[in-house]
Amino acid sequence: MGLRTFVGGVHPAPSKGRTGDSPVVTAPLPQKVVIPLAQGGAPCDPLVKVGDKVQVGQKIGESQAFVSAPVHASISGNVTAIEPVACPNGRTSLAVVIESDGNDIWLNTTGGSSLDAMSPADIKGLVREAGLVGMGGAMFPTHVKISPPPGKSFDAVIINGAECEPYLTCDQRLLVEETESIVLGLKAWLKVTGAKKGYIGIEDNKREAIAAIKAAVTEEKDIEVVPLMTKFPQGSEKQLIASILGREVPSGGLPVDAGALVQNVGTTYALSQAITAGKPLVERVVTVTGTPLKKPLNIRTRIGTLFSDLLSFCELDGEIGKLISGGPMMGIAQTRADVPVLKGTSGILVLSPQEARPLPERACIRCGRCVDACPIGLIPTLLDQYCRHEMWEQATQGHVADCIECGSCAYVCPSKRHLVPALRLGKAEVMAQRRRKK
Amino acid sequence: MADKNILLSEGELLVSSSPHIRAEETVDWLMWQVVIALLPAAISSVYFFGFRSLFLMVLGVATAVLTEAAVEKALGKEITIKDGSAAVTGLLLAFNVPANAPWWLVVLGAIFAIAVVKQTFGGLGYNFVNPALTARAFLLAAWPQYLAGNFPLPLDTITGATPLAILDGTAAGTLPSYLDLFLGNVGGVLGETSALALLVGGLYLIWQKVIDWRTPVAFIGTVAVLSWAFGGNGGLFTGDPLYHVLAGGLMLGAFFMATDYVTSPVTPKGRLGFGVGCGIITVLIRLWGGYPEGVSYSILLMNLLVPFLERWTVPRVYGTKSAQA
Amino acid sequence: MKKLWNIFFNGIINENPTLRLVIGMCAPLAVTTTVANGFWMGVAVIFVLTASNILISALRKIVPDQIRIPIFVVVIATFTTVADLSLKAIQPDIHAKLGVFVPLIVVNCIILARAEAFASKNNVLDSAVDGMGMAIGFTLALILLATIREVLGNGTWWGIRVLPAGFEPAIVMILPPGAFVCLGYLLGGLNLLTGKTGEN
């Protein structure tokens, strides 16, 4: 039987060997955390001031805006500063800096409950209170995502266990180690959305994860485990929906227009933690890997821990060429190592100077590889020319706004053209023009 | 976490846009793969036509590479001879002349291909027609006495008609057997005669994913079907498709010239249409045109249609009903 | 005097009708297979352009604006007929080779363009010099193009063999494709020499 998949895509080397089989370890408690107040949607207003004592799980930022998730203290101690900091997603945000008191005192919150005892409205409330956001990187507030616009509804929930980014293994480890929690989380998504069927899509190179989940859901007739072809960007929302449901999200639309809710493994785990233990989102699993690290690991770490702390923990041994937040295909190169782990930081990848050396850009030889690779069906090489020459009308007609910036085109390009920045520029311009017209 | 010495200051880290990893294929690798794939045909050419064939091939490659370097130097551009594209052009050009062609024909052809067809329009990636084929067309128009008419027969010093010319009725002679056609034991230009060697090279390129199977399959398939349908003297469907496929420059053209990246469509359906179009024009010229062979002109004509093919064959965009307008 | 020189040279280099303005291209492409053809074609144009510029300039004050084009054409046609018949008398062979291209000077846009753009707005002397300059520029371009094509395509210049007998002429150069390739490089070359390459 052929594995389910989508059209296009590329096959980068998975490079997951060094961390794929190593169990999640818990990092020592950091001495200091930096918790940005803008982590998903509108930035929060600080609820604490310098000098305040805080406990783990205490809400330290909240916003009145609907599209915003609150943030919580991830260690106990004193607030020493509230100042703007650089975030690994390229933005600058006001952040609460907490110095640890070393005691790790948890705020006694709701204390936990059971899924059966909760109504869909309870769950939705909990999702917001716990500060859940999309933990794959985008950090879109989850309570917004599970609230369909009027007239629309979800009929399927997909847990995104594809983890198609090379190097990253945090979701894979959660699926293996926290199988029960993930299944519980999926049931909660089904309950809150009223969807009939739940799917867990996992790339077929993660055999252990597939076996673990399959064993856990043998009794569940509403939940199906779907092994997927190992191909990038299998874990992109649009591609996952096409692979599993055979539906497409309309151009310019949202997944809800295809009746599908896609949730990250990490977010699902965080939801089950919130339900059973009453824990808000204060920690996550981060894959810290790369050739300059002696001990690459999947680390359970507190939100706000500095990248540099985690790199020391993994015994950095060698020069860093490039420091990336996220995976190598879509991650963001960092200018500095003292940036904090955010709720959406799935990985920290260190490339050696040799691996990171910039490749000279050559003229396009029109080989057509980017056209074959594009999962959206665009013609990246033409869009590249349009965007570089500011031919916005042609770029719009070429659907540049549908680009998901997955980088497949640039990955396969033999001329090593910088297709992604060019298309990103075009996308931004076309979107801006669209807004001006409205 | 004792040591904090890895706190890097700004500027020490390399920052660039994603993706941070790239596939190993480079332009250089692709072009040298084509050179490798052309070697079987080159070897068979030396076997059948002798060492003069080797001399002409070396001359073609050397002239093309030197011309590329000279033009780029004169224009103050980066010298790109090691990407192999000039070598491919020079070799393909030599493949397109007969073994008894004068040496200067190859030299002038290679200079024309690189200096006029390729570099004038901006170098690799910008030429809109195939350099080697355009140079061949130029040579044919300039010195027809060397490129039309009788070609040296293999393993021999006499010249004779090409199989297609005999088939066409423009030359007298007996048609060689299928086996001779397949192995390359027939008259013709250097690189086109051995269907076997070209097939080996072509399949190697498809296996290495250097070229798309669509173009050669559509090209050869169209020629086979149309020559079967219209190529016979006894009415419809009495033609000899196998003969038409094995004879002449079809194998060389379909695997190595019509698949030239720069001058063929970037869309998969466009490549299919490109192959079909080449096939139709080839058969038109072979059966009803003034020349016995039409592969090179068919590819050149289709080269000109590439922008239209690309416009007509845009892929369907995810989340939309049909192809974009 | 300097002004007249400027007008004269304007047509030869800066606004050379063939190599710079790229107008009236049918004759340059068609008749430049030999230098002799190009030269006599140029002579015919020099006569027609200069004479029609003079006459149109002289008439410019009395020509009603609405019907100026028909009047220009009548003037040009008159001189073209004179040129055609004279050429037939002086050089019957060349006239036979040039064929339709001499009568076609009537509709050559260089001549109408100069009448409209220059002669109808300037005095007789300036117009005469402008017509002469333009036509000489045209003639020089034709001779240049024909020189390259005849030498490479036939090995001769004005019928005289200039390349050794061993040279095998590239027939393509005296075929239409040769004209286009040659013209393209001449246009590019002039731009290169006068530094007008790149973004304008």
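Residues numbered from 1 in each chain as written. Chains lettered and ligands numbered in written order. Predicted model: local features only at pLDDT ≥ 70, side-chain atom pairs only at ≥ 80, totals over all residues. Heavy atoms only, no water.

Undergrad: Would you take a moment to explain the domain arrangement of chain A for this structure?
TA: By a widely used convention, the size of an interface equals the accessible area lost when the partners come together. Residues and elements named next belong to chain A. Domain boundaries in chain A define domain 1 (1-26 + 106-357) and domain 2 (369-437). The distance between the C-alpha centroids of domain 1 and domain 2 comes to 27 Å. In this assembly, 17 residues from domain 1 lie in contact with 14 residues from domain 2. Between domain 1 and domain 2, a total of about 980 Å² is buried, with carbon and sulfur atoms accounting for 58% of that surface. Remark: the boundary between domain 1 and domain 2 carries zero salt bridges. Connecting domain 1 to domain 2 are three residue pairs in polar contact (both at pLDDT 80 or more). (Domains from an automatic or database assignment. Contact = heavy atoms within 4.5 Å. Buried area = accessible area lost by both parts, 1.4 Å probe. Salt bridge = Lys/Arg side-chain N within 4 Å of Asp/Glu carboxyl O. Polar contact = N/O pair within 3.5 Å; in protein donor to acceptor, adjacent residues only side chain to side chain.)

Undergrad: Got a minute to help me understand the pairing of strand E7 (residues 77-86) of chain A in this structure?
TA: Every other side chain in a regular strand lies on the same face of the sheet, so the side chains alternate between the two faces. Residue and element names in this part refer to chain A. Pairing geometry for strand E4 (residues 53-54) and E7, over two bridges, is antiparallel. Its bridge partner being in E7, Val 54 is matched across the sheet by Gly 77. With nine bridges joining them, E7 and strand E8 (residues 92-100) adopt antiparallel strand pairing. Bridge pairing links Asn 78 to Glu 99 in E8. The loop that links E7 with its antiparallel partner E8 comprises five residues; one of these, Gly 90, has a positive phi angle of about 90 degrees. (Pairing = 2+ DSSP bridges. Helix = DSSP H or I, 4+ residues; strand = E, 2+ residues; numbered from the N terminus.)

Undergrad: What should I look at first to understand the packing of helix H3 (residues 35-59) of chain C against helix H6 (residues 109-119) of chain C in this one?
TA: Helix packing geometry: the angle between the two helix axes and the distance between the axes. Residues and elements named next belong to chain C. Axis separation between H3 and H6 bottoms out at 10 Å; the angle between their running directions is 30 degrees. With respect to H6, the axis of H3 lies roughly parallel. Considering only the axes of H3 and H6, their crossing is right-handed. For the pair H3 and H6, the contacting residues are Val 48, Leu 49, Ser 52, Asn 53, Ile 56 and Ser 57 in the first and Ile 110, Ile 111, Arg 114, Ala 115 and Ala 119 in the second. Partitioning the contact of H3 with H6 into residue classes produces seven nonpolar, three polar and one charged. (Axes fitted to C-alpha atoms, helices over the stretch in contact; angles between N-to-C directions. Parallel < 35°, antiparallel > 145°, perpendicular 65-115°, else oblique. Left-handed = near helix turned anticlockwise from the far one by under 90°. Nonpolar A, V, L, I, M, F, W, Y, C, P; charged D, E, K, R; others polar.)

Undergrad: Sorry if this is basic, but what is going on with the packing of aromatic side chains here?
TA: Centre-to-centre distance and the angle between the planes together describe a pair of aromatic rings. One pass over the structure, following the stated rule, counts 19 aromatic pairs over all chains. Here the aromatic rings of Phe308(B) and Trp312(B) are separated by 6.0 Å at their centres, their planes lie at 40 degrees, and the arrangement is tilted. Linking Phe308(B) with Trp312(B), this pair stays in helix H14 (residues 295-312), spanning four residues, or about one helical turn. A relative accessible area of 39% places Phe308(B) in the partly exposed class. Among the aromatic residues, those joined into a cluster by ring pairs are Trp104(B), Phe112(B), Phe138(B), Trp143(B) and Tyr146(B). It is Lys231(A) that lies over the ring of Phe6(A); its NZ or CZ is 4.6 Å from the centre. The side chain of Lys295(A) reaches across the aromatic face of Phe313(A), ending 5.3 Å from its centre. (Phe/Tyr/Trp six-rings, centres within 6.5 Å; stacked < 30°, edge-to-face > 60°. Buried < 20%, exposed > 50% of the residue type's maximum accessible area, 1.4 Å probe, protein only. Lys NZ or Arg CZ within 6 Å of the ring centre and 35° of its normal.)

Undergrad: Help me understand the interface of chain A and chain B, please; the structure alone is not making it clear to me.
TA: Taken together, the contacts link 73 residues of chain A with 51 residues of chain B. Taken together, both faces of the contact between chain A and chain B bury some 5,100 Å²; the carbon and sulfur share is 58%. Contact with chain B buries surface across chain A, with Arg362(A), Ile365(A) and Arg366(A) losing the most and accounting together for 15% of the total. The partner of Glu310(B) in a salt bridge is Arg366(A), with the nearest N and O atoms 2.8 Å apart. Taken together, the links from chain A to chain B amount to 27 residue pairs in polar contact (both at pLDDT 80 or more). If you list the elements that add at least two residues to the side of chain A that touches chain B, you get helix H7 (237-245), helix H9 (307-313), strand E15 (322-325), strand E16 (332-333), helix H11 (369-373), helix H12 (380-388), helix H14 (408-412) and helix H15 (419-437) of chain A. By residue number, the principal contributor to the side of chain A that touches chain B is H9(A), which donates five residues.

Undergrad: Would you explain the interface of chain B and chain C in this entry?
TA: At the interface, 11 residues of chain B touch seven residues of chain C. A combined buried area of about 710 Å² lies between chain B and chain C, and 61% of that area is made up of carbon and sulfur atoms. Sorting the residues of chain B by area buried against chain C places Ala141(B), Ala142(B) and Trp143(B) first, and these three jointly supply 44% of that buried surface. The interface formed by chain B and chain C holds zero salt bridges in total. There are seven residue pairs in polar contact (both at pLDDT 80 or more) connecting chain B and chain C.

Undergrad: Is there a simple way to think about the nonpolar core in this case?
TA: The tendency in soluble globular proteins is for nonpolar side chains to be buried as a group. If you look at the biggest cluster of nonpolar residues, it comprises 100 residues, and the most contacted ones within it are Ile365(A), Phe219(B), Phe256(B) and Ile299(B). Residue contributions to this core peak at 12 residues, all from helix H1 (residues 27-49) of chain B. If we ignore the near neighbours within four places in the chain, the residues touching Phe219(B) are Leu250(B), Gly253(B), Ala254(B), Ala258(B), Gly275(B), Val276(B), Cys278(B), Gly279(B), Thr282(B), Val295(B), Ser298(B) and Ile299(B). With 44 residues, the next largest nonpolar core counts Met118(A), Leu126(A), Leu190(A) and Leu281(A) among its residues. (Core = buried A, V, L, I, M, F, W, Y, C linked by side-chain atoms within 4.5 Å.)

Undergrad: So what exactly am I meant to see when it comes to the environment of Leu342(A) here?
TA: Residues and elements named next belong to chain A. In this fold, Leu 342 is placed in the loop between E16 and strand E17 (347-351). Considered as a pair, Leu 342 and Leu 382 are 40 residues apart in the sequence and their alpha carbons are 36 Å apart. Once you skip the residues sitting within four places of it in the chain, Leu 342 turns out to touch Pro 36, Gln 39, Cys 87, Pro 88, Asn 89, Met 139, Arg 284 and Ile 303.

Undergrad: Would you mind going over the sheet that holds E16(A) with me for this structure?
TA: Strand pairing in a sheet is mediated by backbone hydrogen bonds. Such pairs are either parallel or antiparallel. Residue and element names in this part refer to chain A. A sheet is described by the order of its strands in space; here six strands give the open sequence E1-E14-E13-E17-E15-E16, paired in mixed fashion. Every interior strand has two partners, whereas the edge strands, strand E1 (25-26) and E16, have only one. Relative to strand E14 (residues 297-302), strand E13 (residues 283-289) runs antiparallel, the two sharing six bridges. By the bridge assignment, Arg 284 is partnered in E14 with Thr 301. Across the sheet, helix H4 (residues 170-177) lies against E13 and E14, angled at about 125 degrees from E13, the strand it touches most.

Undergrad: Would you explain the pattern of salt bridges in this entry?
TA: Pairing is possible between side chains of opposite charge, provided their charged atoms come close. In the structure shown here, the tally under the stated rule is 41 salt bridges over all chains. Glu15(C) serves as the salt-bridge partner of Arg114(C), at 3.9 Å between the closest nitrogen and oxygen. With Arg114(C) in helix H6 and Glu15(C) in the loop between helix H1 (2-12) and helix H2 (26-31), the pair connects residues that are 99 residues apart, well separated along the chain. What makes Arg114(C) buried here is its relative accessible area of 9%. Looking at Glu15(C), the relative accessible area reads 30%, which means it is partly exposed. Between Asp130(C) and Arg114(C) there is a salt bridge; the shortest N-O distance is 3.1 Å. Of this pair, Asp130(C) sits in helix H7 (residues 124-154) while Arg114(C) sits in helix H6, and the two are 16 residues apart along the sequence. Note on Asp130(C): relative accessible area 0%, which makes it buried. Connected through salt bridges with shared partners, the residues Asp104(A), Glu178(A), Lys279(A), Glu283(A), Arg300(A) and Arg302(A) form a single ionic network.

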